[in-house]
Structure formats: structure tokens, C-alpha cells
Amino acid sequence: MIDYFIRRLLLLPLTLFAIILVNFVILNLAPGEPVNGANLGQLGEASRHTGDAGPTGENPYLLFREHYGLTLPILMNTWPSLKTHHIREGITRLLHKEEMSVQAHHDLKTLWGDRARFIMPLLLQEAVASTNSHEARKIAAHLFIRGGTRQGHVGIRLTEEEKRENRKIGETNLLLNQLHIHEKDSVEEMERKIGELASWFKLEEKEYPFTWSRAEKIELFFLETRFCKYLKRVFLLNFGTVRNDNNKTVISEVVKRIKYSLTLAVIPMVITFALCQFFGMIMAFYQRGLPDYLLNLFFLTLFAIPVFVAAPFLIEKVALRHTLFPYSGFHSPEETYDTLTSLRRMGDIIRHLILPLTAVIYSTLAIQSRISRTAFLEALHQDYVRTARAKGLGWMTILTKHVGRNAAVTIVTSLAASLGVVLGGSLIVETLFDINGFGKFFYEAILNRDYNVVLFSAFAGSLLTLVGYFVADVAYAFLDPRVSYS
Amino acid sequence: MWKQFRRYKVGVAAFTCVVLFFLIGLYAPFFASSKPFVVLWKGHFYFPFFRYLFYPGFYTKPIDLFYNLLMFTFPIAMVGLFLFKARKRKMFLFSLAALQLILFAWIVSGGVKDPEQDEEIRALNQVVRYSLRKAQHERLGHARLRFQKETGHEMPTLFAIDQRNGQKEIETPSLQWMIPALVRPFHWEENAGGSQLMNQYVPWWELTRINRKDLFASLLFGVRISLFVGIAAVAIGLMIGIPLGTVAGYFAGKVDLVIFRGIEIWEAMPTFFMLLLIVAITQHKSLFLVIIVLGLFGWTSFSRFIRGEVLKQRELCYVLACKGLGYPARRIMFGHILPNAISPILTLLPFAMMGAISSEAALSFLGLGEEGATSWGVLMDEGRSVFPGESYLLWPPALLLTIVLIAIALVGDTLRDALDPKLR
């Protein structure tokens, strides 16, 4: 058995890696341009920061791209080795806008913008060269500025060093941004701006890494890639900050909310376990009788009702008619809740939780009861039941003591394995019942286009499912000594 | 198998229900369309319904056009199933499917011209619209009176608005005779008038959505989306799951180990979360993306099942005989073992369909479904915006969705009982 667990544990990182990989692939599906205000979320939150796609400023999409390294090539970074003729070719293609579709042109612009950071000296060379056309020089200067513009460090608890760097980056960005060459600028103006760019470059050459040695290039080749950046983030558990507030990390926000979600995940499991044991027993005892048939049908129907139908039903038909069951929040508003005694608080929470719990429980209960019935039936056909019967034990004792204990093994296993499903279900329940848990957080992040939270949530969701499966296997092996995994 | 199935009354009833839903969804335009089937106008017969049936300007969703084609190919396929046997039947169905796809591609790429290019049709459309709106106006007579009494002004039906805007009285007598659509005289994508205020006075079948489209028509066309999602997602799942499961089961050993570990890993991805994640990251709300994702993350159970079956079958004599005859592995796997191993998978299909349908509806309910589609989830999402309080827009789609899901679940359960009576 130890063997089995070791193998299982070895499989865990592999699975984890696969999950990271899938997340990474999805991450790379991110659209190539900042979304505009045209497609708002349902509540319109997304419109707040978008629209301005300038090289600096609080552009959340660009921040997101920088944070997850989406401005880098996927697996191998050959950009530092780009030569002058590559750049000339690229600029020429960028100039011939009419030869390609708008989307293609935009993609090309993004690509060269992303590359700019690695080819700044060459870009400057192009911008300064008076043999080039004005348009080409403008583009080269623009790309040069894009390359020089960086995102500062984001997050809470920045060190002094990082703060200083941030200040410096801010200053540089401001300076570079002023040097953008506009459409209406005259030739002299352009020359002046390019000249300033060149002097800036000379000044900074020592501090900024503009050129790389061969060894450094090899290092960049592997490390400055999307996949490497993403892996690093995951291993450091650095999932970035919440979109609207750079002082809140995603993890701290989740930790704040996890107690609500855990309540909505663990309590249902306990209740489901007790209830489905009971129903399973009844159905197995009356196998093929009327109670069995009716309960079976009932649970099947219950199982088929989607949670987003049941939850509004509970809210409208129960909560709105009986003030006893409030339909929003985890407990009463802070003002009244804080004045209550501990006992009253508990009552308050229970009152608030009954409806959401019902909404979470009913479908798992339906499935588990049917599974439990099968488990009971299987156990009932064992020899030891006949022996117990022959000994003269009553059905009640046999069912609860002998059969129940054996049937429980199956249920514990399948319950543990349903951890991920419960989490998915509670997303809708939390949203509808206005409980500020993990699921609601995730949902709001989707509407807000808060990519960091969304990515973390999917990662955490997969991880929890995985843990559920693992716990299920371990529990099965411990509860049933006959199980041998070889 | 049908004989086994028939013994379960509930299952038969549920199956009938599902088939009924399918037929209603398939022939939805017959029930709700603003174009009448037959019009006798100025002494000539016109068939606007059929002229508009494949026009992408009228049915703007490709899925509707696909179903509109299927309205004709489906009965032909059924007839073919009765007429032909074995090889001929296969050929027939295959060519029919090819025809459907070719015609569909032709229609979507703009093969059908706008019927309104014809002056006659344009004039006729105006007359038909006028008379249908007038008919609605008159039909609502009772509700209009109540509306007038309680709010103090006239109910703004489409006809009343047209009148106020100074529409000329069109001479309807020229419209001698007309057979309109069976239930509702509105296409689901068209303005059907109405408002939240009006909704409080009209009977339920006259309700309109918040974007002033006909609710009943939208519900009918919603069947199409739900069933399409269910079938297409499961089909994708089968296409991935069956070959993988068969290969794993047949070769066993190392191949099996690798594939099975892969399945286990893939299973750990929570489908619904992944669906939300992909839609959120790509910012691409489309039905086809949803279907593909549901298929991609929903094949593992098929693989497991098939693998188990094939593992059992591969020890049997006929496989040994095939091997002895020197058949290639591919032929043994897919030509001999698979037909014997595939039937138990039938019991999984209804439940997989259920999962796909409810996932799509849940996603739309959360406001992440295809915009402008008439999926029941989208309708429920609209109902949610006035919830709780005025929930009359929420319950009709919720009820229909629940009925369909329960019916499919019952079919699945009965199927399992019928195929494997041991489990009962």
C-alpha cells in the first residue's frame, strides 16, 4: 500500500504540471489587443480602466501582459539576436498598412512593440539614420520608446530598492512619453525628439541592459520566455495583485474569503453524508418496492434540476415570503451582527445559511443517495449479512452496524472526489445569495477582466479537485482494509 | 434493446418528451415566424415563409440556418432509414449529411439573395406586417382596456405606435387570404413591441423580453440551441474519448499506463471552471467555443468506459482469431472490438448531454453566453435582471430547461436499467 501512495504522490506533481500547462495554454489565448468598451461585462465594470492603450499609464491589460510575460516569445527567445535587416524589413512592412488587414497590422505592431525591448540600439540607429524616410524613422522612434518604457514593480511590501527603481522607471517613462513623435510634428521637431532620445540612450547605456554578451543571450533564450516566466510565478506562488488595488494580493483576498466558501463546502459534505446514508439504506432495504421506486425517481428529478433554477426558486418562493430566511449575505449587516451575543450570532448565521446550503446540497445529495443505494445493495448481498441474519440479529442492527459501515466507504470516497464539483456549484450559489466567498470573487473577477484572479481561481479549483481525488483514494484504502493497490 | 426499453413506462414517456422537444425545436419557424406560409395577394399566391427560410439576413444565426436545412433533410433521412438496409443505408445517410453541409456552407457564404430585391415582395411584406400588427392589436383588446384604465394612456402596441407615427391605413382587402405561422406571428429576432409595463397586463404567451423580442418565439428557438449544445459537445467528446480508450484498452501495458494517467490528469480539471476561465481570458463569447470546450473537457468518462470494455474483450476468442489471421491492429480495434464494446457507452450519453446542456445554460445565466443568442440561459439571465420581484421572465425558460433535463435524465436512467438489469 505504501508503494501505491508513493506512486500516487509522484503522480501529483505530474498532474499539477499538466494543470499549469493547460492554464498556460489558455493564458496564451488572451486577445492580442486591449479590449475596448464595446463589449462590457454585464454590470459594466470593465469600462473603468480600458480604452487608453497608451504605452504608459494604468493600462490593466498591458500590466497583465507584462506580469505574465505575455510580451515575450512562447518557448524560445531569439529576439536579442535580431539583425538590422530584420528590423528594416519589419519597419517596411509596418509602413505598408494597406497591404494587410487591420487585425494583421495590429498584430504586427504588437509583435514589434514586444520585441523593441531587445533591439533598442538598432532601433535608435534606424531612427537617427537620415537616409531613412521620415515615416520609417518615426516608427523606429516609436518602437524605441515602447522598448524603453517599463512596468514598475507592483504589489505590497515593496523594498526600498524596488521603490527607488519604481521612481526611476516612472521618471523615465514620463520622459520617453513626452518624446513621442506626433502626426503633426514638423521635421525639426522630429529631429529634436530623436536627438533627445539618442542622448537619453547614451546617458542610460551603462545602467540599462541594452546589449548582451553571448552567454547572456543564451540565458535570455531560455529564461525570457512566456513559459519560464509563468512557471516561475506559479512556483513562487506569486499570482499578482487584484486589478483595482495594487496593495491587495490575490492570495490575501482569497484567504479573506475562504472561510465562507469552506463553510459552504464542508457543512454540505457532512450533511450529505448523513442523509444519503439514511436514504440509501431505505432504498436498499425496500429494493424494487414502492419507497425505492419513488425515492429513486425523486432523486433523479432533483439531480436534474440545475442549481441556477433552484436557487432563484428558493429565493423567491421561500425567502421573499418568510422573513425567517434572509436571502442575502452570510450574516446580518455588521451593525446588527456586532451587537449580538455569541449564541445569537450563531443562530443568525444558521438562519442565513439554510437556503444557500439547501441550494448547494440538494444535487449532491441526490447523486450520493443513489450511489449509496448501490453500495448498500452490494453489501447486503455479502455472506456476512446472511450469517448475521442466521444468528438472529434484527434488520436494524444489521443495516446500521454491519452493512452501513461497509457502504460508508464508497460514499466517503465519492464525496471527497466531488470537492471540485461542490466548488463549482457554490460559485452560482454564492453569486445569487450574495455571499462574499471564493466563488463570487471569481465570478466578479471574470466580469471585471481581472485576469490575475481568474487564473489563480482556475488553478486553485483544479488543485482542489486533485486533492479531493487524492483524499478519496487515501480514505478508501484506509477505510477498506481489503483494498489492495498493486 | 428497444424491447427492453419499452417495458419502462416512465422512460418511454420521458423519451417521447425529448423527441417532442426536438421536433418542436427543429420546426420552430413553423410555430413562430413573421412570414406567413401562404398569401393570396392581388390574385397571386406568395410563399414568404419559404422565401425567407434560408436568407441569412432574416435568420442571422448560422445555427438557425443549419436547423432550417435540417427541417428538410431530417424527414428524408428518416424515410431513408426505413427504405434502405446495411451498406446502402450507410451510403445514403453519408451523402445526405454531405449534402446538408454543402448546402449549409453555400447558404452561410451568402448564396441566398435578399427576397426584398423583388419590389412585389417588399410591398407584400409591408401589407403582411401591417395586418399582423393590427391582428395583435385586436387580440390584446382586453388587456388594452385594463391598461388604459389603470395607467391612463393607451397601450403602446406596435400597431398603436405605427398609428401615432402617422402610418397610412393600408388597404388590407387586397390581402385576400393568408396562413400565418402556427402559434406566434413574430420571428424571435424581430421587434415584437412590448415593455416591462405592458408585460404586467398581457397574458403569458404575449410576454416580451427586455429587448422587446417575443418571449414565446425565443423559447421555441431556444430548444434548438440547448439540443445542439448537448449533441455537439457529446459528439466531440466521443470523437476524442472512444479512439483513446480503445487504443489504451487494446494495447494495454505501457500504452495503457500512459494514456490512463493522461486521462486521470485531464479529469482533475474542473470543466465548469475551465469553461469560465477560457471565456473570460479570450473575451470571446460564442456558442461554438463553449461547445468545443465542453467536448474537450468531457471525454474522459467515455474513455474510461471503453477502455474497461476493450480490456475485457481483448482476451476473447474472436480477437485471438483475428490476430491469428494477421489482421492489422487498427482493423481489429475499430472493426471488431469496438462494435462489441460500444453499446454500454449508450447509458453515459444522456447524462453527458445533460451536463453539457446545463453547463451552457449556467454559463449564459452568468452573462457569459453568446450575446444575442436565444439560449434559455440567456433568457434566464435577462429574467434575473428584474429579479427578485418581477420574475415572470425567469420562470418560463427555467421551467423548460428543467423539464428537458429531467426528461433526459429519466431516459438515461431507464436506458441503464434496460441495458443492465443487474444494477436494479
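What to know about the overall build of chain B
Consideration 1: Counting its secondary structure elements, chain B contains 20 helices and three strands.
Consideration 2: Its C-alpha atoms give chain B principal-axis dimensions of roughly 85 × 50 × 45 Å.
Consideration 3: For chain B, the share of sequence-separated contacts (at least 6 apart) that also reach a separation of at least 24 residues comes to 71%.

So, helix 3 (residues 84–95) of chain A
Residues and elements named next belong to chain A.
Consideration 1: Counted at 1.5 Å a residue, the expected span for helix 3 with its 12 residues is 16 Å, and the 17 Å between its end C-alpha atoms agrees.
Consideration 2: Those residues of helix 3 not exposed but buried are I87, G90, I91 and L94. Each buried residue of helix 3 sits inside an arc of 95° when the element is viewed along its axis, so together they form one side. Facing away from the buried side of helix 3 by over 90 degrees, the exposed positions are H85, E89 and T92.
Consideration 3: Buried residues along helix 3 sit against helix 4 (102–115), helix 5 (120–128) and helix 6 (134–148).

A short note on the confidence of the model for chain B
Consideration 1: Averaged over all residues, the pLDDT of chain B is 86; the fraction at 70 or higher stands at 96%.
Consideration 2: Interface confidence for the predicted complex, expressed as ipTM, amounts to 0.85; the pTM equals 0.84.

Re the pairing of strand 2 (residues 245–249) of chain A
Residues and elements named next belong to chain A.
Consideration 1: One ladder, built from two bridges, connects strand 1 (residues 241–242) with strand 2; its direction is antiparallel. Residue V242 lies in a different strand from strand 2, and its bridge partner there is D245.
Consideration 2: Linking strand 1 back to strand 2 in an antiparallel pair, the connection comprises two residues.

Focus on the packing of helix 13 (residues 271–282) of chain B against helix 14 (residues 287–297) of chain B
If you want to describe how two helices pack, look at the angle between their axes and the distance between the axes.
Residues and elements named next belong to chain B.
Consideration 1: Packing of helix 13 against helix 14 brings their axes to within 10 Å, and their N-to-C directions diverge by 145°. Handedness of the helix 13/helix 14 crossing: right-handed. Every residue of helix 14 that contacts helix 13 at T271, M274, L275, I278 and V279 is listed here: L289, V290, V293, L294 and F297.

Quick notes on the interface of chain A and chain B
How big an interface is tends to be stated in terms of accessible area lost as the parts join.
Consideration 1: Contact residues are listed per partner, giving 40 residues for chain A and 37 residues for chain B.
Consideration 2: Those elements that provide at least two residues to the side of chain A that touches chain B are helix 1 (2–27), helix 12 (290–304), helix 13 (307–319), helix 18 (419–433), helix 19 (438–448) and helix 20 (451–479) of chain A.
Consideration 3: Its residues assigned to classes, the side of chain A that touches chain B comprises 29 nonpolar, nine polar and two charged.

A short note on helix 2 (residues 9–26) of chain B
Residue and element names in this part refer to chain B.
Consideration 1: In this model helix 2 runs 26 Å from its N-terminal to its C-terminal C-alpha over 18 residues, within 8% of the 26 Å that 1.5 Å per residue would give.
Consideration 2: Along helix 2, the residues that are buried comprise G11, A14, F15 and G25. Down the axis of helix 2, the sector holding all buried residues measures 100°, keeping them to one side. What points out from helix 2, more than 90 degrees from its buried face, is the exposed set K9, T16, V19, L20 and L23.
Consideration 3: Contact partners of the buried residues in helix 2: helix 1 (2–6), helix 3 (28–31), helix 11 (215–251) and helix 20 (395–419).

Notes on the confidence of the model for chain A
Residues and elements named next belong to chain A.
Consideration 1: Averaged over all residues, the pLDDT of chain A is 78; the fraction at 70 or higher stands at 89%.
Consideration 2: By mean pLDDT, helix 2 (residues 60–67) is the weakest element of chain A at 67, and helix 12 is the strongest at 91.
Consideration 3: Contacts of residues 33–58 to residues separated by more than four positions or lying in other chains number 41 contacts, the stretch itself having pLDDT below 50.

So, the packing of helix 15 (residues 300–313) of chain B against helix 17 (residues 329–341) of chain B
Residue and element names in this part refer to chain B.
Consideration 1: Here helix 15 crosses helix 17 at 115°, and the two axes come no closer than 9 Å. Between helix 15 and helix 17 the crossing geometry is right-handed. Seen from helix 15, the contacting residues are I306, E309, V310 and Q313; seen from helix 17, they are I337, N340 and A341.
Consideration 2: A class-by-class count of the residues in the contact of helix 15 with helix 17 yields four nonpolar, two polar and one charged.

Focus: the environment of R212(B)
Residue and element names in this part refer to chain B.
Consideration 1: Looking at the element boundaries, R212 is found in the loop between helix 10 (196–199) and helix 11.
Consideration 2: A tally of 14 C-beta atoms within 10 Å means that R212 is categorised as partly exposed.
Consideration 3: In this structure, R212 is in contact with N191, A192, G193 and G194, ignoring residues within four places of it in sequence.

Analysis parameters
- For every chain, the first residue of the written sequence is number 1, and numbering continues from 1 along that sequence.
- Lettering for chains starts from A, numbering for ligands starts from 1, and both go in the order in which the items are written.
- Local features are withheld for residues below a pLDDT of 70 in this predicted model, meaning they are given only at 70 or higher, and side-chain atom pairs are given and counted only at 80 or more; totals for whole chains, interfaces and linings count all residues.
- Helical segments are the DSSP runs of H or I of at least four residues, strand segments are the runs of E of at least two, and each set is numbered from the N terminus.
- Residues are treated as contacting if the C-beta atoms built from their backbones sit within 7 Å of each other.
- Here, expected helix span is obtained from the residue count minus one, scaled by 1.5 Å.
- To sort residues by exposure, count the other C-beta atoms lying within 10 Å of each residue's C-beta; 20 or more gives buried, 12 or fewer gives exposed, and values between give partly exposed, all with C-beta atoms placed from the backbone.
- For this quantity, the arc is that covered by the directions from the helix axis to the C-beta atoms.
- The pLDDT value tells you how sure the predictor is about a given residue, anywhere from 0 up to 100.
- We treat two strands as partners when DSSP finds at least two bridges between them.
- As a rule, the C-alpha atoms of each element are fitted with a line to give its axis, helices using only the stretch in contact, and angles between N-to-C directions run from 0 to 180 degrees.
- Put simply, a crossing is left-handed when the front helix is turned counterclockwise from the back one by less than a right angle, and right-handed when it is turned clockwise.
- Each residue gets one of three labels, nonpolar for Ala, Val, Leu, Ile, Met, Phe, Trp, Tyr, Cys and Pro, charged for Asp, Glu, Lys and Arg, and polar for the others, Gly among them.

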